[in-house]
Amino acid sequence: MKYFGTDGFRGEAGVTLTAEHAFKIGRYIGSHYQDGKHRVKIVIGKDTRLSGYMYETALAAGITASGADVYEMHVTTTPSISYFIRTDHFDAGIMITASHNPYMDNGIKILNGAGEKLEESVELEIEDFIDGKGKVPAYATGDALGRCFDYTIGREKYKQFLMDTVQHSFEGVKVCLDMANGASTGMATDIFERLGATVYTMGDGPDGMNINRHCGSTRLHHLQKFVLDKGADVGFAYDGDADRCLAVDEKGQEITGDHILYLCGLHMKEKGKLAKNTVVTTVMANMGLYKAFDAAGISYEQTPVGDKYVSANMRDNGYVLGGEQSGHIIFQAYATTGDGILTSLQIMDVLCEKKQPLSELVAELTIYPQLLENVRVKDKIAAREDSEVKDAAQKVAKELGSRGRLLLRESGTEPLIRVMVEAESYDLCKKYVDEIVMVLRNRGHEVPR
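Please read all numbers here as calculations on a predicted model, not as lab measurements.

S.K.: Even after reading the chapter, I still don't get the overall build of the protein chain, so can you show me in this structure?
M.R.: Of regular secondary structure, the protein chain possesses 15 helices and 19 strands. Compactness check: the protein chain gives a C-alpha radius of gyration of 22 Å against a globular reference of 22 Å for 449 residues, within 12% of the reference. By its C-alpha atoms, the protein chain is 65 × 60 × 40 Å across when sized along the principal axes. Every one of the 449 residues in the protein chain was classed for burial, and the buried ones make up 57%. For the protein chain, contacts bridging at least 24 residues in sequence account for 71% of all contacts bridging at least 6. Surface summary for the protein chain: the accessible area is close to 18100 Å², and the carbon and sulfur share equals 51%.

This is the structure we're talking about:
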């Protein structure tokens, strides 16, 4: 696909993703759901990036020009958009975010009427329209023009929904929250405090340009230090649009998405709530997670990287828990997408029920050393299909055998080839990652830094 990746249309604001792109996307989506029988309603949210104002306005203009109504939640989380599509019967939703990327980037993520990522077939139609090909949506006129409504009241309703998923009081628990200067700012703090926790916050002063800067789930070491400094029981870090969550235990140790799947999978199995006794993971899940699941008698499935693949597998097979190592965790009983705040609340619920430190609850999970290097390349497909790169990958895979594995894949949102090796030691991981990276470099695929 030309514009859309695994997480929507993402690019540098005003350069590769422009206001004109947003207007055309709005026009197409506003027209796509028209059936002549009802007034089309589309809900829009955004994270805290400065460029969000530009895209919010351009999308609204396009949608209303096509005769659909816009409901603006303004700054909110991606999963809240999915939630309101399902509960308040919107035809679709749009989230303006580039997730964990720096503020210069932004993105347009479209969710369909089920609150799930838009079908690829429709994305292709939108791409054709952007490029002046294919179907051209009609402009509405007269009283058929769309309207814009403020929908910020929805945030309070969403907070209440999240709190209703919790079974235990958080009284007496000290929690550190890192909001990444993003969409969870204020919302997560209010929820945890209303549930009784003592809350310490960081990354909670968004200015439009500091989203994910030295904070958030991709900069976890700052939260690790914060937890130790505050003597907290647990810490949670969200990304820019709060659809993912990673954690830190009371010892300052990282709790990845694999740890979360293990903790919640075990707890749900004990409660008889783990449908078909299966957890859905991606190919990036650690070997240690599978060994721990085997020991606990829990089955698992693997999907390609991307929470949309996890969600599809869960939906098609009736599973209720799945997610990614990066912290996109899906609790099917409550949501169809990853939800960072929901994930942190479910972890807290387990902690409060078990009355044990988080480090003890995940102690049976041994994480194997894993090294990931992102190589910025000129052409992802050319790099992936290079015969010498393929030969090098086969050589590494053969040498690792059953002692580890190599994963070589393209980023769905950036011009990167991701080289990941998992093995018995860090030195082995580095040796094999360096071998693959050197081939990519020698073959001229890497973009010089």
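S.K.: How should I be thinking about the pairing of strand S6 (residues 105–111) in this particular structure?
M.R.: Regular strands show a simple pattern: their side chains alternate between the two faces of the sheet. With seven of its seven residues buried, S6 lies for the most part within the structure. Both faces of S6 are covered, namely the face carrying Asp105, Gly107, Lys109 and Leu111 and the face carrying Asn106, Ile108 and Ile110. Bridging between strand S2 (residues 8–12) and S6 involves four bridges; their strand directions are antiparallel. Note that in S6 the partner of Gly11 across the bridge is Asn106.

S.K.: Teacher, can you tell me more about the pairing of strand S19 (residues 416–422) here?
M.R.: Most of S19 sits out of view: seven of its seven residues are buried. In this structure, strand S17 (residues 370–376) lies alongside S19, joined through seven bridges in antiparallel fashion. Pairing of Arg376 across the sheet is with Leu416, part of S19. Judged from the six bridges that link them, strand S18 (residues 405–410) and S19 form a sheet pairing that is antiparallel. Across the sheet, Arg409 pairs through a bridge with Arg418, a residue of S19. Counting the residues between successive antiparallel strands, the hairpin from S18 to S19 contains five residues.

S.K.: Mind showing me how you'd approach the sheet that holds S17 here?
M.R.: Where strands meet in a sheet, backbone hydrogen bonds hold them as pairs that are either parallel or antiparallel. The strand order across the open sheet built from three strands is S17-S19-S18, with neighbouring strands paired in antiparallel fashion. Strands with a single pairing partner mark the edges of an open sheet, and in this sheet they are S17 and S18. Direction aside, the axes of adjacent strands within the sheet are offset by 15° on average. Here helix H15 (residues 426–442) sits on the sheet and contacts S17, S18 and S19; the angle it forms with S17, its principal contact strand, is near 15°.

S.K.: So what exactly am I meant to see when it comes to helix H8 (residues 257–270) here?
M.R.: In an α-helix, one turn spans 3.6 residues, which is why side chains three or four residues apart end up on the same side. Along its 14 residues, H8 runs 20 Å from first to last C-alpha, staying within 8% of the 20 Å computed at 1.5 Å per residue. Counting buried positions along H8 yields 11 of 14 residues, so the element is predominantly enclosed. You can read the cap of H8 off the contacts: a side-chain oxygen lies 3.2 Å from the backbone nitrogen of Asp258, and it is on Thr256. Of the residues flanking the end of H8, it is Gly272, one or two places downstream, whose phi is positive at about 75°.

S.K.: Honestly, the side chain of His21 in this entry has me stumped. Any pointers?
M.R.: Relative to the helices and strands, His21 resides in helix H1 (residues 19–32). A distance of 3.0 Å separates the side chain of His21 from the backbone nitrogen of Thr18, its partner in a polar contact. Discounting chain neighbours no more than four positions away, the residues touching His21 are Tyr3, Phe9, Thr16 and Ile130.

S.K.: What is the right way to read the environment of Ser31 from this model?
M.R.: Its location among the elements puts Ser31 in helix H1. With relative accessibility at 13%, the residue Ser31 sits in the buried group. In this structure the C-alpha to C-alpha distance between Ser31 and Gly62, which are 31 residues apart in sequence, comes to 9.4 Å. Excluding anything up to four places from it in sequence, Ser31 contacts Ser66, Lys135 and Pro137.

S.K.: What is the right way to read the pattern of salt bridges from this model?
M.R.: Two side chains bearing opposite charge may form a pair once their charged atoms approach each other closely. Enumeration according to the criterion identifies 37 salt bridges in this entry. A salt bridge links Lys24 to Glu20; the shortest N-O distance between them is 3.7 Å. With Lys24 and Glu20 both in helix H1, this residue pair falls four residues apart, about one helical turn. Linking Lys431 and Glu399 is a salt bridge whose minimum nitrogen-to-oxygen distance equals 4.0 Å. Of this pair, Lys431 sits in helix H15 while Glu399 sits in helix H14 (residues 387–400), placing them 32 residues apart in sequence. Residue classification places Glu399 among the partly exposed positions, given a relative accessible area of 32%. Each member of the salt-bridge network shares a partner with another, and the members are Asp7, Arg10, Lys109, Lys117, Asp241, Asp243 and Asp307.

S.K.: Honestly, the sheet that holds strand S5 (residues 92–96) in this entry has me stumped. Any pointers?
M.R.: If you trace the seven strands from one edge of the open sheet to the other, you get S1-S2-S6-S5-S3-S4-S7, paired in mixed fashion. Taken across any chain shown, the strands that pair with only one partner, and hence form the sheet edges, are strand S1 (4–5) and strand S7 (148–150). Relative to strand S4 (residues 69–75), strand S3 (residues 41–46) runs parallel, the two sharing six bridges. Across the sheet, residue Gly45 finds its bridge partner in S4, namely His74.

S.K.: Explain helix H3 (residues 78–87) here, please?
M.R.: Counting buried residues in H3 gives eight out of 10 residues, a clear majority hidden from the surface. Every buried residue of H3 is accounted for by Thr78, Pro79, Ser80, Ile81, Ser82, Tyr83, Phe84 and Ile85. Tucked inside the fold, the buried residues of H3 contact S3, S4, S5, S6 and helix H5 (154–164). Where H3 ends, the next residue or the one after it, His89, has phi of about 60°, a positive value.

S.K.: Just to check I follow, could you spell out the packing of H5 against helix H6 (residues 187–194) for this structure?
M.R.: The axes of two packed helices give the description: the angle between them and the distance between them. Where H5 meets H6, the axes come as close as 10 Å, and the angle between the chain directions of the two elements is 45°. The pairing of H5 with H6 is recorded here as oblique in orientation. Here H5 runs over H6; the crossing is right-handed. Residues Arg155, Glu156, Tyr158, Lys159, Gln160, Leu162 and Met163 of H5 form the contact with H6, whose participating residues are Met187, Asp190, Ile191 and Arg194. Counted by class, the contact of H5 with H6 contains five nonpolar, one polar and five charged residues.

What counts as what
- Residues numbered from 1 in each chain as written.
- Predicted model: local features only at pLDDT ≥ 70, side-chain atom pairs only at ≥ 80, totals over all residues.
- Heavy atoms only, no water.
- Helix = DSSP H or I, 4+ residues; strand = E, 2+ residues; numbered from the N terminus.
- Rg over C-alpha atoms; globule rule 2.2 N^0.38 Å.
- Buried < 20%, exposed > 50% of the residue type's maximum accessible area, 1.4 Å probe, protein only.
- Contact = heavy atoms within 4.5 Å.
- Areas by Shrake-Rupley, 256 points an atom, 1.4 Å probe, with all protein chains shown as cover.
- Pairing = 2+ DSSP bridges.
- Axes fitted to C-alpha atoms, helices over the stretch in contact; angles between N-to-C directions.
- Expected span 1.5 Å × (residues − 1).
- Polar contact = N/O pair within 3.5 Å; in protein donor to acceptor, adjacent residues only side chain to side chain.
- Salt bridge = Lys/Arg side-chain N within 4 Å of Asp/Glu carboxyl O.
- Parallel < 35°, antiparallel > 145°, perpendicular 65-115°, else oblique.
- Left-handed = near helix turned anticlockwise from the far one by under 90°.
- Nonpolar A, V, L, I, M, F, W, Y, C, P; charged D, E, K, R; others polar.

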